[in-house]
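Remarks on the overall topology
Each chain, letter by letter, is given below.
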Amino acid sequence: PLRRQRQMCIRDRLKPGASLTVDPSLLAGLYPETTNVVLGVNPLPDLDLPSILAGLSRYPYGCAEQTTSKAMPLLHVKALQSALRISHAGLPADAVDKGVLRLLGMQSSSGGFGFWNSQSEAGVWISAYVTDFLVDAKQAGYAVPQAALDRALTRLSGLADIRYRFDRSPGGTGAAYALYVRAKAGVADPARVRRFAAQLPSIKPTSLGRAFVAASLSAVGDRGRARALFATIPMTSNAQNDAHYYTYGSNVRNAAAILALMAASQDVDWPVLEARAEALSAMVHERRWLSTQEQAWIVKAAASLTGGDASNVAIGVDGVNVTLGGGQGLYRTVSATNIASAPRMVNNSDRQITGLVTVTGSPSRALPAAQQGFKIERKLFAADGSPLDPTKVRQNDIVVVTLKGQMIAKGRARALAVDYLPAGLELENAKLGGDDLGAYGWLGAVTTPEHVELRDDRYIAQVNLSQKGEFRVAYIARAVTPGRFAHGGVHIEDMYQPEQFGRGAATSIVIRKH
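A few points on the structure. (Residues numbered from 1 in each chain as written. Predicted model: local features only at pLDDT ≥ 70, side-chain atom pairs only at ≥ 80, totals over all residues. Heavy atoms only, no water.)

1. Some words on the overall build of the protein chain
Across its full length, the protein chain carries 14 helices and 21 strands. Once the C-alpha set of the protein chain is aligned to its principal axes, its extents read approximately 75 × 60 × 40 Å. Out of the 514 residues belonging to the protein chain, those deemed buried represent 55%. Contacts spanning at least 24 positions in sequence make up 77% of the contacts within the protein chain whose residues lie at least 6 apart. In the protein chain, 56 positive and 43 negative side-chain charges are present, and the distance between their average locations comes to 2 Å. (Helix = DSSP H or I, 4+ residues; strand = E, 2+ residues; numbered from the N terminus. Buried < 20%, exposed > 50% of the residue type's maximum accessible area, 1.4 Å probe, protein only. Contact = heavy atoms within 4.5 Å. Lys, Arg positive; Asp, Glu negative; His and termini not counted. Charge placed at Lys NZ, Arg CZ, Asp CG, Glu CD.)

2. Examining the side chain of H451
In this fold, H451 is placed in strand β15 (residues 451-454). Given a relative accessible area of 16%, H451 falls into the buried group. At 2.9 Å, the side chain of H451 forms a polar contact with the side chain of E453. (Polar contact = N/O pair within 3.5 Å; in protein donor to acceptor, adjacent residues only side chain to side chain.)

3. Quick look at the sheet that holds strand β4 (residues 313-317)
One open sheet accounts for four strands, arranged β2-β7-β4-β5; its pairing is antiparallel. Two strands in the sheet have a free side with no partner beyond their single neighbour: β2 (19-20) and β5 (320-324). Here β4 runs beside β5; their pairing, made up of five bridges, is antiparallel. Residue pairing in the sheet places V313 in a bridge with L324 of β5. (Pairing = 2+ DSSP bridges.)

4. Things to note about the packing of helix α5 (residues 124-139) against helix α6 (residues 146-159)
Contact geometry of α5 with α6 gives a least axis separation of 10 Å together with a crossing angle of 140 degrees. If you check the angle between α5 and α6, you find them oblique. The crossing of α5 and α6 is left-handed. Contacts between α5 and α6 involve V124, S127, A128, T131, L134, V135 and K138 from the first element and Q146, L149, A152, L153, L156 and L159 from the second. In terms of residue class, the contact of α5 with α6 is built from nine nonpolar, three polar and one charged. (Axes fitted to C-alpha atoms, helices over the stretch in contact; angles between N-to-C directions. Parallel < 35°, antiparallel > 145°, perpendicular 65-115°, else oblique. Left-handed = near helix turned anticlockwise from the far one by under 90°. Nonpolar A, V, L, I, M, F, W, Y, C, P; charged D, E, K, R; others polar.)

5. Re the nonpolar core
Core analysis: the biggest nonpolar cluster contains 95 residues, and F133, Y177, F212, W297 and I298 have the highest contact counts within it. Element by element, the count of residues in this core is highest for α5, at 10 residues. Excluding its chain neighbours within four sequence positions, the residues that come into contact with F133 are T68, A71, M72, L75, V96, V100 and L103. If you look at the next biggest cluster of nonpolar residues, it comprises 32 residues, including L427, L465, Y475 and V490. (Core = buried A, V, L, I, M, F, W, Y, C linked by side-chain atoms within 4.5 Å.)

6. A few points about the packing of aromatic side chains
Applying the stated rule across the entire model yields 16 aromatic pairs. The interplanar angle of 90 degrees and the centroid separation of 5.6 Å between the aromatic rings of Y59 and Y61 together place this pair among those described as edge-to-face. Like Y59, the residue Y61 is buried in the burial classification. By way of ring pairs, the aromatic residues W125, Y129, Y177, Y180, F212 and W297 are connected into one cluster. (Phe/Tyr/Trp six-rings, centres within 6.5 Å; stacked < 30°, edge-to-face > 60°.)

7. Notes on the pairing of strand β3 (residues 36-42)
By the criterion of burial, β3 is predominantly enclosed, with six of the seven residues buried. Two elements, β3 and strand β6 (residues 330-335), share six bridges in a ladder whose sense is antiparallel. Its bridge partner lying in β6, G40 is registered against Y331.

8. Topic: helix α1 (residues 49-58)
Counting buried residues along α1, eight of its 10 residues qualify, which places the element largely inside the surrounding structure. Taken together, the buried positions of α1 are L49, P50, S51, I52, L53, A54, G55 and L56.

9. Details of the environment of G221
Inspection of the secondary structure puts G221 in the loop between α9 (207-219) and α10 (223-230). The sequence separation of G221 and A183 amounts to 38 residues, and the corresponding C-alpha distance is 10.0 Å.

10. Digging into the side chain of H491
Within the secondary structure layout, H491 lies in strand β19 (residues 491-494). Looking at H491, its side chain comes within polar contact range of the side chain of E493, at 3.2 Å.

11. Here's the deal with the environment of N321
By secondary structure assignment, the location of N321 is in strand β5. The class for N321 is exposed, based on a relative accessible area of 61%. Separated by 183 residues in the primary sequence, N321 and K138 have C-alpha atoms spaced 40 Å apart. Polar side-chain contacts of N321 include one of 3.0 Å to the side chain of N348.

12. Thoughts on the sheet that holds strand β21 (residues 507-512)
Ordered in space as β11-β21-β18, the three strands form an open sheet in which the pairing is mixed. Strands with a single pairing partner mark the edges of an open sheet, and in this sheet they are β11 (393-394) and β18 (483-487). One ladder, built from five bridges, connects β18 with β21; its direction is antiparallel. Across the sheet, A486 pairs through a bridge with S508, a residue of β21.

13. Concerning the pattern of salt bridges
In the structure shown here, the tally under the stated rule is 15 salt bridges. Of the charged contacts in the structure, one is a salt bridge between D267 and R223, with a shortest N-O distance of 2.6 Å. Remark: R223 occurs in helix α10 and D267 occurs in the loop between α12 (251-265) and α13 (270-286); sequence separation between them is 44 residues. A relative accessible area of 7% places D267 in the buried class. R458 is the salt-bridge partner of D457, the closest N and O atoms lying 2.9 Å from each other. (Salt bridge = Lys/Arg side-chain N within 4 Å of Asp/Glu carboxyl O.)

14. Some thoughts on the environment of E426
Position of E426 among the secondary structure elements: in strand β14 (residues 425-432). Sequence separation between E426 and D456 is 30 residues; the distance between their C-alpha atoms is 7.2 Å. If we ignore the near neighbours within four places in the chain, the residues touching E426 are L421, A477, R478 and V480.

15. Overview of the packing of α12 against helix α14 (residues 292-305)
α14 packs onto α12 with a crossing angle of 25 degrees between their chain directions and a minimal axis gap of 8 Å. As summarised for this structure, α12 and α14 are arranged roughly parallel, according to the angle between their axes. The two elements α12 and α14 cross, and the hand of that crossing is left-handed. Counting all contacts with α12, which are made through V252, R253, A256, A257, L259, A260, A263 and A264, the residues of α14 involved are Q293, E294, W297, I298, K300, A301, S304 and L305. Here the residues of the contact of α12 with α14 sort into 11 nonpolar, two polar and three charged.

Shown next, in the form of structure tokens:
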């Protein structure tokens, strides 16, 4: 299966005396061996943290944003496990150290960070986001070289300019983020932070940009101005002007980030935080898939709410009374094969609480072709350029695969195309492209992707696209094992709007002995 998908998420308000149950029909159509069920109760609005943490641990790709998003939550996992009693967080213990090392390898000579490597800086948001994580990791006791951190913070000093001409994020959001990271790290000039805040009306700032500036004011001790600016941020706002492209965001990410900044500042009253958490919870549970950026900020928001002013509630778990207080929750994960042992949770308090059942697993049947923002198709050729019949491949044959796609949604996208290989093929060359194709000149024009990866089981290409933009990439494989093998449909999605994707039809390939 190409996508381990959330099959169903049931969120409900449990009245006093009501219990949380699992409907077996929710497991239909999923491989039992790959399926987990999360049951949870929470006096606070639920953000589906066990599924989010597990999803981040499974995410298989690693640009600067994705690496940061996978490592950042681990800084908060211990607090979340204690406060929310999550039985399995899913993230490896060394994710922070590995993340730091990988990100330092993407640091450019300017001190900023590239998207896939250190050759070119990715933009204001990525440099601020990575540095934000490095500051937190350093403060948490992880080994972050001071020289590298100093270079990153110095770079942010140049980017934290409200009129920085290369900040293409709407309303100077990227510059505001750079300002905040420097303020949080204790290296921002308070006078410069106040000047930035005074200039905000001239650039029509976004709600998230305001939140970053308010948090910056709080960090430099100007809490009165911080409270006043936080109070101007509306409950809901729309991410516009290609915000998902330049700041890797969405309405969900923005709501989570604003909530995290408000709670961490301690300059916003608890009823306001709780109302924002309820709004964020509703947004999260309306979405089938979440980007890594959304998931990381949701975890930060949840961590910032632990130990809040929520009143105590009583829960029964298999007949044993448990008291939850101060923003605590209780979650349990069970496999589909062990669903009979799922705990029975009962609301023994005198008020309603949030109950959650989330089922996540791999579909037991091949997913059909789909066009929800993208079109994509796969073709097979012999080494001489003639079309290849997938039922007549011989052992040791060269198989040239082309992937052709188009973005049909509006806007721009950082798209990731993934083609999983059937078991009988092995990749030989994942980087066909450029002007010199050698013996494969018959391919004609081939797109040079932003990034290509060759893995044992898949070919990966990242391309930047705009509406109606097309691409065509190619790779070479060799038939090595005789037999009949399933060949799942090629998949493409916008990494930061995962609800926009395309999928080709699943096929099969027959490899005959030489």
